[in-house]
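Read off the chains here:
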There are 2 protein chains.
Amino acid sequence: MVGSAMNVPIDRKSPVPLARQIQAQLERLIREGVLAPGLKLPASRDLARTLGVNRATVVLAYEELVAAGWARSHVGQGTFVLESIRPRVPATAPAAPAARNGGRQAPPRSPINWSAFFSRSARIIESEAERRRALAPPAFAETGVISFAGGMPDSGLFPTDAFRRVLNDVVRDEGETLLQYYPVAGYPPLRRYLATYLLRFGLEARPDDILIVNGSQQGFDLIARTFLDPGDAVAIEQPTYPRAMQVFRAFGAQLHGVPWTPTGPDVEALERLLARRAPKLLYCQPSCHNPTGLAMSAEVADRLLAAAARHQVPVVEDGFDASLYYGARPPAPLKARDREGVVIYIGTFSKVLFPGLRLGWLVAPPPVMERLASAKQLADLHTSALLQAAVHRFCERRLLERHVVRIAREYARRRTLLLEALRRRLGHDVTWTEPQGGFSLLMTLPDGMSANALLPRALQRGVGFTPGTAFFLDESGERTLRLSFSSVPSARIDDGVRRLAEAIKDMRRQPRPRRAEHAGVPVV
Amino acid sequence: MVGSAMNVPIDRKSPVPLARQIQAQLERLIREGVLAPGLKLPASRDLARTLGVNRATVVLAYEELVAAGWARSHVGQGTFVLESIRPRVPATAPAAPAARNGGRQAPPRSPINWSAFFSRSARIIESEAERRRALAPPAFAETGVISFAGGMPDSGLFPTDAFRRVLNDVVRDEGETLLQYYPVAGYPPLRRYLATYLLRFGLEARPDDILIVNGSQQGFDLIARTFLDPGDAVAIEQPTYPRAMQVFRAFGAQLHGVPWTPTGPDVEALERLLARRAPKLLYCQPSCHNPTGLAMSAEVADRLLAAAARHQVPVVEDGFDASLYYGARPPAPLKARDREGVVIYIGTFSKVLFPGLRLGWLVAPPPVMERLASAKQLADLHTSALLQAAVHRFCERRLLERHVVRIAREYARRRTLLLEALRRRLGHDVTWTEPQGGFSLLMTLPDGMSANALLPRALQRGVGFTPGTAFFLDESGERTLRLSFSSVPSARIDDGVRRLAEAIKDMRRQPRPRRAEHAGVPVV
């Protein structure tokens, strides 16, 4: 039976008084950071029961802990680890208590040279660390910086309260079933809903052709593990979504870029690549390309599909549905035009609803679906049925439709404001894409100017962005940067662009930064 | 902007009347299963708006659909796809509508020979399909069969309503943050809570040493991808948890069994294996071994850790915490005795709370934690922070503690009833383990009797179980079967054992089943 509180090792045979032992153990646990700053310690009665000691012994231990400056105590509230304590973080995790009790020198704590144990995949992932850090969630929200860096929806627009209500309802109605293990394919009503939802965009899929996954990121992962062996070639648009590149690389794939043109990937370059490298997959974002915000034209889409069919290359379509479009309706998804059945489609609720739910889906031909479902089952058995049911209820009540109308209007407004500000404030040697949908655009700086070098100056001026190199296989994107407008309140967009324009002006005047390295600004 | 309803392709230039076209498209979509049986079709007004046609046109199309026997209509409720329709499932997914509109023969729909494209990993997973199917959730709950097959907690004991309330509270208090993208490591208060929770079992970990994952299954997966390359050796207890074997195999590992003894793995056999094969990992379930329900003795644990340190082999401890123990308190987790820092610990809320949340955690030394977190980020960015926060709130209110007391009492009762019934009803040539914790025991049938052959007879008698072969690397478990008592109501346990004893008697009388293959019983 579980104790109602934590436990610490004590030695009843030791001459050291029990209260002193308890205090010393707690002090050690606080110092090592096992007991976090601000943590409420167990009630003395509870800890006494767990340890089988007198309550007065624990009270005494707590008093000494407070006196020694490790904890604070408030009558009626309890004893808390002091907030101001900065645990001394050891290079390795805390060792077992036995290693420290004896008073003698503990043996070396980590005899394992871990780096010799890591897989090829883990080593590849590590070598991509820089790219990964470049995509870390921006940490400067509080610092007065106007951030165009985060490619996420604005949480200020979330329909949080409506979601709370549907969540409450589905737990009440079906909680027991939804909280038990669940079949891997997903919550059937959600899959049926998606089949009709996708019809809006001309994409015909049976519920059985749909697999629910943890966001599009897990979609990439399942596709990679189902198709890729080390050394396989993958064709990928340039620029493209960095985490897709990372996943394919982590599985040992060699990536080959296909330049993006204003109407989609360069099909002639693609054809040459297909002929020369026989890639295992072609990854693309036809309906709303990240970072440019552009879409593939219908003509390019048809040529691309014909080429893929001719060369027998499965196409991985990272779908961005037509819900968040600001101009003309984009052409139908590739999957809707896929006469040969070569397309695997990845969809997500992260853009139109909540990224934090980690809910997405795959649409694939039956033989592929079976393998993807097996891979999903081994990866994590299934996606939370509770969250699936809540989203289904939300959609069924037509709350998604209403929500999308509202956010599409707001994001369209931010996009327009951004484009207007750019036109007004930036010179002719700075260019940018005119996004048709999504959350961002790609800017190109004047010849010889580097976005990575610009970033510290921009942050000094109080504006953030994502340098474009993250979106390219090589260094060819050095002059580019991504501006995401989705999370910037309308009222701050013009000011953000003003700051960016000033940073660019600074850069022209003084190509070498003065003290940029010392600025102490957070990394984007 | 998204339409408020589904869309179907129509051709305004065609001589075929629009209503007829709409009806034909809907009929096709129903026939192909894109529109599922029972689905409510969009209101005629909505579909008319989406298609840009007169509402009367849609009404006419719906009427013809009903007349042709594809749908039913109820005044005031709408039009629904008929429930009784069995969609004709094509061998491939529906092709793009363009392929069918022209009236001419559609091109071959799937020119890709998918099986030529699958990765080594996907091919390994497929070859494990049989083992996978043996573990499929039992489908005979409704059929009057008493099932000892499912190794899951009883959903009838779930604290569903209490969880609904905490879920409601966390969405209200922190919904916006919890529904946005979230840092990969997990919800900090939950990690701090786990650090003190694990102290109860003597396991000291700082919050930073803890990574939240989607259940222990994702733990296996992240560890496998961080450590294993094809051809690597992995040492694993025999019998053991089948999905762990599957994951390691899917990453190309060669598995080597270490026989389980009543006090844990055979350490001498392990030492020989470590010396001969230099495995990359040693996987074990020391505190509550599935399927036997036994625990590793303190002496075996210390010898195992010493051997692992001497041979420099990381130990993967699949932890089953001491909450669900029925006898004496088990020895501390390996990780709590781990003086050398060689253990990676996997924990889960699936046994003590809700499996369907898919919430678990890893505890690992810092250099390993960094790699595991990178792998997790590529796998699915992060685990739902909303569910993490709800579980944290649940624990913080001490609801988990109360819940565990309640279920431990109930499972202990079921265990006792099962053991009593086995003693009463089964002969001396049938043996079983006496589980100290967890949900199941392992039974061994008399010489020459196969659990796989017994299963169809047992199902005819109205009792189910999991044949033991699923838990072994080879065929050595043919005589064994797992009986799980966690999901069987107390009142049915004795009856279930009676039926099992009868099936065993049948088997003795008639070693060859008469019509077992034709019984049409569901696969376990």
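You'll find the structure just up there.
Let us look at the structure shown here. As the structure is a computational prediction, the values presented were derived from the model and not from experiment. (Residues numbered from 1 in each chain as written. Chains lettered and ligands numbered in written order. Predicted model: local features only at pLDDT ≥ 70, side-chain atom pairs only at ≥ 80, totals over all residues. Heavy atoms only, no water.)

Digging into the pattern of salt bridges
On inspection of all chains with the given rule, the structure shows 80 salt bridges over all chains. For A:Arg499, the salt bridge identified is with A:Asp495, shortest N-O distance 3.1 Å. Of the two residues, A:Arg499 and A:Asp495 are both situated in helix α17 (residues 490–509); the distance of 4 residues between them amounts to about one turn of the helix. When its relative accessible area of 13% is taken as the criterion, A:Arg499 is described as buried. We note a salt bridge from B:Arg508 to B:Asp429, for which the minimum N-O separation is 2.7 Å. Here B:Asp429 lies in the loop between α15 (399–425) and β12 (431–432) and B:Arg508 lies in helix α17 (residues 490–509), a separation of 79 residues in the sequence. Classification of B:Arg508 by relative accessible area gives partly exposed; the value is 39%. (Salt bridge = Lys/Arg side-chain N within 4 Å of Asp/Glu carboxyl O. Helix = DSSP H or I, 4+ residues; strand = E, 2+ residues; numbered from the N terminus. Buried < 20%, exposed > 50% of the residue type's maximum accessible area, 1.4 Å probe, protein only.)

What about the sheet that holds strand β16 (residues 480–484) of chain B?
Residue and element names in this part refer to chain B. Strands sit in the order β12-β13-β16-β15 across an open sheet of 4 strands; the sheet is antiparallel. Every interior strand has two partners, whereas the edge strands, β12 and β15 (466–467), have only one. Strand direction decides the pairing type here: β15 and β16, joined by 2 bridges, are antiparallel. Residue pairing for β16: Pro467 is matched across the bridge by Leu481. (Pairing = 2+ DSSP bridges.)

Some points on the interface of chain A and chain B
Often, the extent of an interface is quoted as the loss of accessible area upon association of its parts. If you look at the interface, chain A gives 139 residues, while chain B gives 139 residues. Of the roughly 11,900 Å² buried between chain A and chain B, counting both surfaces, carbon and sulfur atoms make up 60%. By the criterion of area lost to chain B, the three top residues of chain A are A:Glu204, A:Arg339 and A:Leu378, representing 7% of everything that side buries. Summed over the shared surface of chain A and chain B, the number is 10 salt bridges. With a shortest N-O distance of 3.1 Å, A:Arg398 and B:Asp46 are connected by a salt bridge. (Contact = heavy atoms within 4.5 Å. Buried area = accessible area lost by both parts, 1.4 Å probe.)

Here we look at the sheet that holds strand β16 (residues 480–484) of chain A
Residue and element names in this part refer to chain A. Reading across the sheet, the 4 strands line up as β12-β13-β16-β15 and stay open at both edges, with antiparallel pairing between neighbours. Each having just a single partner strand, β12 (431–432) and β15 (466–467) make up the two edges of the open sheet. The strands that helix α15 (residues 399–425) touches are β12, β13 (440–444) and β16; relative to β13, the one it contacts most, it runs at about 15°. (Axes fitted to C-alpha atoms, helices over the stretch in contact; angles between N-to-C directions.)

With respect to the pairing of strand β1 (residues 71–74) of chain A
Residue and element names in this part refer to chain A. Where β1 meets strand β2 (residues 78–81), 4 bridges bridge the pair, whose relative direction is antiparallel. Of the residues in β2, the one forming a bridge with Ser73 is Thr79. Between β1 and β2, which pair antiparallel one after the other, the connecting turn spans 3 residues, and Gly76 there sits at a positive phi close to 85°.

Description of the relation of the copies chain A and chain B
Screw-axis analysis of chain A against chain B gives a translation of 0.0 Å along the axis, an RMSD of 0.0 Å, and a rotation angle of 180°. The superposition of one copy onto the other is thereby described by a two-fold rotation axis. It is A:Asn168 whose C-alpha, among those of chain A, lies nearest the rotation axis, at 3.2 Å. Both copies contact each other with a shared surface, as 100% of the interface residues of chain A are interface residues in chain B too. (Least-squares fit on C-alpha atoms with pLDDT ≥ 70 in both.)

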